[in-house]
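The chain contents come next:
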Amino acid sequence: MKIAVVTDSSANLSPQAAADYKITVVNDPIMFGNHVYHENSDITTDQFYRLLKVEKDIPTISQISMAEMQVVFDQLKAAGYDQVLVVGLSSGISGWVNNLKAYAPSVKDLDVQVFDSRTACAGTANMVKLAAAMALAGYDMDEIMAQLTHLRAATTTVLIVNSMRHLVKNGRIYNNSSLAGTMVLRNKPIISFNEHGKIQVLGKERTLKNAQQAVQEQFGRFVITSQLPVRLDVISANDEQIAEDWASELRYQFPAVRVKTGEIGPLMGVLTGDHALGMIWSLDWKPLLTTLNGQQAH
């Protein structure tokens, strides 16, 4: 069976990675008022954050339609694929994954499976690349889904935001009772995805440095207890230099960890606002794939 891997643009895959692993990327829509922009095609990340500064209204999230997805499925079927695995943005943020699960049985002559990453940005991207690499190596759908479930359970996403305004406006906070005090200007709210993929408030710190230290300590505990190689992605919303500086510090403190930097694209930027900073840590999918290949030849 020939398996195609599809994801949405909020994973922030580079064009090179998408090409190398033969991943199909569908662009997420966002809305400024009544105007719809699609990530990568209508608006770049830089353009989004510039627009965020001048627009009075807070943008909102929209969804990729099933009509758009059917076009993608038809193209993949025409290209000779028998199965499609969609690895998507957390269902706690968008209804797209659940809508796809409901729609999938109606797709003719193509077996469509949907996996909820329960995270976003690099967290989703790591799962997508693992799935695509396994598909190219000849693993079947059940094997791929099992490893994705394993990687998802070992993935943590923690973000430091400047303001809760965007999350509140979009109705994307799970534990609203924890909002007390986080709206104070000098506080730096710390948010995360819970086990169901919903965004929750973990706490708050008075300064960015204190918030970074709190997140770093949480990551350090993961590194100590992990028996397998670890990957860390440091991501930012329009603050590339701060992310690079933090990544350099983390590479020095955790020399055994593979540390990468990335961006918070428009869709997640709708929720975080600008100048958000985050860490996404998980098992490193590349050694994980090597181990799998050593266990079973394909």
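It should be emphasised that the depicted structure is a prediction, and the values quoted were computed from it without experimental measurement.

1. Looking at empty space enclosed by the protein
Across all of its chains, the model carries one cavity of 30 Å³ or more by this definition. Taken together, Lys 209, Gln 212, Gln 213, Gln 216, Trp 246 and Glu 249 make up the full set of residues lining the largest cavity. Mapped onto the lining of the largest cavity, the elements with two or more residues apiece are α8 (208-225) and α9 (240-253). Element by element, the count of residues in the lining of the largest cavity is highest for α8, at four residues. Within the lining of the largest cavity, the residues separate by chemical class into one nonpolar, three polar and two charged.

2. Some words on unusual backbone geometry
Of note, the phi angle at Asn 12 is positive, near 60°, even though the residue is not glycine. Tracing the sequence through the fold places Asn 12 in the loop between β1 (3-8) and α1 (15-20). A positive phi angle, close to 50°, is found at Cys 121, a residue other than glycine. As for its position among the elements, Cys 121 is in helix α5 (residues 121-136). Residue class for Cys 121 comes out buried when judged on its relative accessible area of 2%.

How each quantity is defined
Residues numbered from 1 in each chain as written. Predicted model: local features only at pLDDT ≥ 70, side-chain atom pairs only at ≥ 80, totals over all residues. Heavy atoms only, no water. 1 Å grid on protein atoms, 1.4 Å probe; cavity = no way out; pocket = protein on both sides within 12 Å on 5 of 7 lines; lining within 4 Å. Points joined across faces, edges and corners; volume = space filled by probe spheres on them. Helix = DSSP H or I, 4+ residues; strand = E, 2+ residues; numbered from the N terminus. Nonpolar A, V, L, I, M, F, W, Y, C, P; charged D, E, K, R; others polar. Buried < 20%, exposed > 50% of the residue type's maximum accessible area, 1.4 Å probe, protein only.

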